[in-house]
Amino acid sequence: MTVLRRFAERMRIFKNKPFTRFARKARLGDPTLCKAIANAERGLIDADLGGSVIKQRIARPGKGKSGGFRAMILYRRTTRAVLFTVSRKMKGQTLRKTS
């Protein structure tokens, strides 16, 4: 696990190795990922999947959120966030509980 940064001295943000690899290839910088967590802290969560798992949309550089990525995050408010899965958003694609 890579510690991304401490957010407001309480929030700890981590990302696993596969997530780090994908983010590097997709040119998703740490500030972009921290912005997604900051939105969750403000209550702007795209989907709460239960069991401390949330789905956040992350903007692709120069494209915006609609042409961006979906990230699954293990999220505990004001404590920690673990970015563990990310995928490109494609037209007609839906995520199911089994995936």
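Up top is the structure.
Just so we're clear, the structure is a prediction, and the values are computed from it rather than from any experiment.

(A) Fine view of helix α1 (residues 17-25). Within α1, burial applies to Phe19, Thr20 and Ala23. Angular distribution of buried residues about the axis of α1 spans 100 degrees; they occupy a single face of the element. Turned more than 90 degrees away from the buried face of α1, the exposed residues are Lys17 and Lys25. Backbone nitrogen of Phe19 and a side-chain oxygen of the N-cap are separated by 3.0 Å at the start of α1; the cap is Asn16. Positive backbone phi, at 60 degrees, marks Arg27, one or two positions downstream of α1.

(B) Representation of the pairing of strand β6 (residues 80-88) within the structure. Here four bridges tie strand β2 (residues 11-15) to β6, and the two strands are oriented parallel to one another. Paired with Arg12 across the bridge in β6 is Arg80. Sheet topology places strand β5 (residues 64-76) next to β6; eight bridges connect them, and they run antiparallel. Directly across from Arg76, in β6, lies its bridge partner Arg80. Hairpin connection from β5 to β6: three residues lie between these consecutive antiparallel strands, with Thr78 at a positive phi of about 60 degrees.

(C) Quick look at the packing of aromatic side chains. Going through the model one piece at a time under the given rule, you end up with one aromatic pair. Residues Phe22 and Phe69 carry aromatic rings whose centres are separated by 5.6 Å and whose planes lie at 90 degrees to one another, so their mutual orientation is edge-to-face. With Phe22 in helix α1 and Phe69 in strand β5, the pair connects residues that are 47 residues apart, well separated along the chain.

(D) Examining the nonpolar core more closely. In this structure, Phe19, Leu28, Ile37, Ile58, Ile73, Tyr75 and Leu83 are the most contacted members of the largest nonpolar core, which totals 20 residues. Contributing elements (two or more residues each) for this core: β2, α1, α2 (30-41), β4 (53-60), β5 and β6. Top element by residues in this core is α2. It accounts for five residues. With residues near it in sequence (within four places) discarded, Ile73 still touches Ile37, Ser52, Val53, Ile54, Gln56, Ala81, Val82, Leu83 and Phe84.

(E) View of the pairing of β4. Pairing between strand β3 (residues 47-50) and β4: three bridges, direction antiparallel. Note that in β4 the partner of Ala47 across the bridge is Lys55. In this antiparallel pair of consecutive strands, β3 and β4, the connection spans two residues, and Gly51 shows a positive phi of 60 degrees. Where β4 and β5 come together, seven bridges link them in antiparallel fashion. Looking at β5, one finds that Val53 is bridged to Leu74. If you look at the hairpin formed by β4 and β5, you'll find three residues sitting between the two strands, and Gly62 has a positive phi there, around 85 degrees.

The rules behind these values
Residues numbered from 1 in each chain as written. Predicted model: local features only at pLDDT ≥ 70, side-chain atom pairs only at ≥ 80, totals over all residues. Heavy atoms only, no water. Buried < 20%, exposed > 50% of the residue type's maximum accessible area, 1.4 Å probe, protein only. Helix = DSSP H or I, 4+ residues; strand = E, 2+ residues; numbered from the N terminus. Arc of directions from axis to C-beta. Polar contact = N/O pair within 3.5 Å; in protein donor to acceptor, adjacent residues only side chain to side chain. Pairing = 2+ DSSP bridges. Phe/Tyr/Trp six-rings, centres within 6.5 Å; stacked < 30°, edge-to-face > 60°. Core = buried A, V, L, I, M, F, W, Y, C linked by side-chain atoms within 4.5 Å. Contact = heavy atoms within 4.5 Å.

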